[in-house]
Amino acid sequence: MTTLLLIFIYIFYIGLGIPDSLLGTAWPAIYTEFHSPISYVSFVSMIISGGTVVSSLLSARIIAKLGTPRVTALSTSLTAVALLGFSCSQNFLWLCLCAVPLGIGAGSIDTALNNYVAVNYNAMQMSFLHCFYGIGVSLSPYLMSLALSDDMNWRGGYRTVFFIQLCIAILSIVSLPLWKKAKQRQPGKDIEMKLLSSREMLGNPRILAAFLTFVGISALESTCLIWGSTFLVDAKGMGADTAAKMITFYFVGMALGRFFSGLLSVRFNCRQLIRAGQAIILAAVLLLLLPVQGPSAILGLFLIGMGNGPLFPNMTHLTPVLFGIESSQSIISMEMAFSNASIMLTPVFFGFIAQHAGTWCFPPFLLIMFLLLVFSTWMLDRKR
């Protein structure tokens, strides 16, 4: 029963990943049609992430009241409605309005499923969970690229993804009885969660170091999610539809990184996998810094995805180990809030840089975010 539930959770996590890569992939076509400045994508991204931060901060209490199954069903349904709204958008303001429910829905399901898997399953299954997120973010750019090649019809891409998300939402509702049966099979996992205040968590140096690690991970991810396609178009001279296809390699790299992390977790611990991922990211950023066109940039993005992919699931799985199962829901909620705050602010910051200096700054910016990640993980180990 727990294995069947895990399969459903994997599918729900595909639904979490599907919307995340759409905006960055479609933006070259969207801002051209709406005659908006290129940096305006940061405002939409900021609204999505702002909603995610708010729902992440409130999710520990919401989950304690409604439970993980109901939160999953409600959140997935909310994101499906938001995607339908994006497909109907006629102006930039409409995009901003639809971004609100998309962010709120994503934050709650992310926190709920991460803690549930961290507590009830092992590190391999946690990595595979995030591998399925990688499948979601890899699938939608490909679908969007097909839509973009059809007279730049980015709305058709959003509409196609909406139908996929709708099916996942229906599945999350149908599966509600399965959670109860799985809980009955795992009575030992029914641990009363302890709600920690923000002051308690921020006052603990080890917990704060964990939060900053998620800031670094998400800064790298969000920059590539939102600006990777635009970087290929503006700095590398690719067409919008070609860049949309090539950015898929970044998401494939992320999925593969998490898949191999799951396999290697049998032999290596979470900290070792995190260090290996960081080494791959460093090599990738150095490759992007080379002043050459074509395949090297695509390979660099692929390797950034592969290196960054294992970091999020392994850090999440370490949370109950480092701080205790009873406190994990509160801490993971705050980790997701820091992560999404980074997702919200990093593209805005880089958008400001790109508007004034150009998207050639993309690789140096990634290097700075990587150094932040290395410093925060070093601080976490130092406080052991």
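No experiment lies behind these values; they were computed from the predicted model shown.

What follows covers the overall build of the protein. For the protein, the helix and strand inventory stands at 17 helices and zero strands. Taken against the 2.2 N^0.38 rule, which gives 21 Å for 384 residues, the C-alpha radius of gyration of the protein at 19 Å falls within 12% of a compact globule. Once the C-alpha set of the protein is aligned to its principal axes, its extents read approximately 55 × 45 × 35 Å. Among the 384 residues that make up the protein, the fraction classed as buried is 60%. When contacts within the protein are restricted to residue pairs at least 6 apart in sequence, those whose partners lie at least 24 apart make up 84%. Roughly 15000 Å² of accessible area belongs to the protein as shown, and the carbon and sulfur atoms make up 69% of that amount. Once the 22 positive and 14 negative side-chain charges of the protein are each reduced to a mean point, those two points are 11 Å apart.

With that settled, consider empty space enclosed by the protein. Any empty space left between the atoms is revealed when a probe the size of a water molecule rolls over them. Enumeration according to the criterion identifies two cavities of 30 Å³ or more in this entry. Estimated volume of the largest cavity: approximately 440 Å³. Along the walls of the largest cavity sit 27 residues, with Asp20, Tyr133, Leu225, Asn340 and Ile343 positioned nearest its centre. Within the residue set of the lining of the largest cavity, elements represented by two or more residues are helix H1 (2-17), helix H3 (41-66), helix H5 (92-120), helix H6 (123-148), helix H10 (205-234) and helix H16 (325-357). At five residues, the largest contribution of residues to the lining of the largest cavity is made by H10.

Another aspect to go through is the packing of aromatic side chains. Under the counting rule described, the total for this entry stands at 21 aromatic pairs. Ring centres of Tyr40 and Phe92 lie 5.1 Å apart, and the angle between their planes is 45 degrees; this geometry places the pair in the tilted category. Note that Tyr40 is positioned in the loop between helix H2 (22-34) and H3 and Phe92 in helix H5, a separation of 52 residues in sequence. One aromatic cluster in this structure is built from Trp227, Phe231, Phe349, Phe350, Phe362 and Phe365.

Residues of the protein with pLDDT of at least 70 account for 95%, and the chain-wide mean is 83. Here helix H11 (residues 240-246) is the element of the protein with the lowest mean pLDDT, 73, and helix H13 (residues 270-288) is the one with the highest, 92.

It is worth spelling out the packing of H10 against helix H15 (residues 311-323) at this point. Interaxial distance between H10 and H15 falls to 11 Å at its minimum, and their mutual angle equals 170 degrees. The angle between the axes of H10 and H15 places the two elements in the roughly antiparallel class. Facing Arg206, Ile207, Ala210, Thr213, Phe214, Ile217 and Ser218 of H10, the residues of H15 in contact are Leu311, Phe312, Met315, Thr316, Leu322 and Phe323. In terms of residue class, the contact of H10 with H15 is made up of nine nonpolar, three polar and one charged.

The next subject is H15. In a regular helix each residue adds 1.5 Å, so 13 residues correspond to 18 Å; H15 covers 18 Å between its end C-alpha atoms and thus fits that length. In terms of burial, H15 is largely enclosed, as twelve of its 13 residues are buried. Taken together, the buried positions of H15 are Leu311, Phe312, Pro313, Asn314, Met315, Thr316, His317, Leu318, Thr319, Pro320, Leu322 and Phe323. A positive backbone phi angle near 100 degrees is found at Gly324, which sits one or two residues after H15.

So, on to the packing of H10 against helix H17 (residues 362-382). Two elements in contact, H10 and H17, have axes whose closest approach is 8 Å; the angle formed by their N-to-C orientations is 165 degrees. Classified by the angle their axes make, H10 and H17 are roughly antiparallel. Note that H10 runs across H17; the crossing there is left-handed. Its residues assigned to classes, the contact of H10 with H17 comprises 20 nonpolar, six polar and one charged.

In this section: the nonpolar core. Leu23, Ile30, Val44, Phe86, Trp154, Tyr158 and Phe362 are the most contacted members of the largest nonpolar core, which totals 110 residues. Per-element accounting of this core gives the leading share, 14 residues, to H10. Among residues more than four places away in sequence, those in contact with Trp154 are Ala26, Ala29, Ile30, Glu33, Phe34, Phe86, Ser89, Met144 and Leu148.

So, on to helix H12 (residues 248-264). An ideal rise of 1.5 Å per residue puts 24 Å on 17 residues; H12 measures up with 24 Å between its terminal C-alpha atoms. Where H12 is concerned, the buried positions are Thr248, Tyr250, Phe251, Gly253, Met254, Ala255, Gly257, Arg258, Ser261 and Gly262.

For His35, which is not glycine, the phi dihedral falls at a positive 55 degrees. Inspection of the secondary structure assignment puts His35 in the loop between H2 and H3.

Moving on, we come to the pattern of salt bridges. One pass over the full model with this rule turns up two salt bridges. Of the charged contacts in the structure, one is a salt bridge between Arg155 and Glu33, with a shortest N-O distance of 2.9 Å. Within this pair, whereas Arg155 is found in helix H7 (residues 154-174), its partner Glu33 is found in helix H2, the two being separated by 122 residues in sequence. A residue is classified by how much of its surface remains accessible, and Arg155, at 15% relative accessible area, is buried. Residue Glu221 pairs with Arg258 through a salt bridge whose shortest N-O separation is 3.9 Å. Taken together, the positions of Glu221 in helix H10 and Arg258 in helix H12 put the pair 37 residues apart, joining distant regions of the chain.

Our next topic: the environment of Ala123. Tracing the sequence through the fold places Ala123 in helix H6. A relative accessible area of 15% means that Ala123 is categorised as buried. When sequence neighbours within four positions are dropped, the list of residues in contact with Ala123 reads Ser265, Cys270 and His317.

Rules used in this analysis
- Residues numbered from 1 in each chain as written.
- Predicted model: local features only at pLDDT ≥ 70, side-chain atom pairs only at ≥ 80, totals over all residues.
- Heavy atoms only, no water.
- Helix = DSSP H or I, 4+ residues; strand = E, 2+ residues; numbered from the N terminus.
- Rg over C-alpha atoms; globule rule 2.2 N^0.38 Å.
- Buried < 20%, exposed > 50% of the residue type's maximum accessible area, 1.4 Å probe, protein only.
- Contact = heavy atoms within 4.5 Å.
- Areas by Shrake-Rupley, 256 points an atom, 1.4 Å probe, with all protein chains shown as cover.
- Lys, Arg positive; Asp, Glu negative; His and termini not counted.
- Charge placed at Lys NZ, Arg CZ, Asp CG, Glu CD.
- 1 Å grid on protein atoms, 1.4 Å probe; cavity = no way out; pocket = protein on both sides within 12 Å on 5 of 7 lines; lining within 4 Å.
- Points joined across faces, edges and corners; volume = space filled by probe spheres on them.
- Phe/Tyr/Trp six-rings, centres within 6.5 Å; stacked < 30°, edge-to-face > 60°.
- pLDDT = per-residue confidence, 0-100.
- Axes fitted to C-alpha atoms, helices over the stretch in contact; angles between N-to-C directions.
- Parallel < 35°, antiparallel > 145°, perpendicular 65-115°, else oblique.
- Nonpolar A, V, L, I, M, F, W, Y, C, P; charged D, E, K, R; others polar.
- Expected span 1.5 Å × (residues − 1).
- Left-handed = near helix turned anticlockwise from the far one by under 90°.
- Core = buried A, V, L, I, M, F, W, Y, C linked by side-chain atoms within 4.5 Å.
- Salt bridge = Lys/Arg side-chain N within 4 Å of Asp/Glu carboxyl O.

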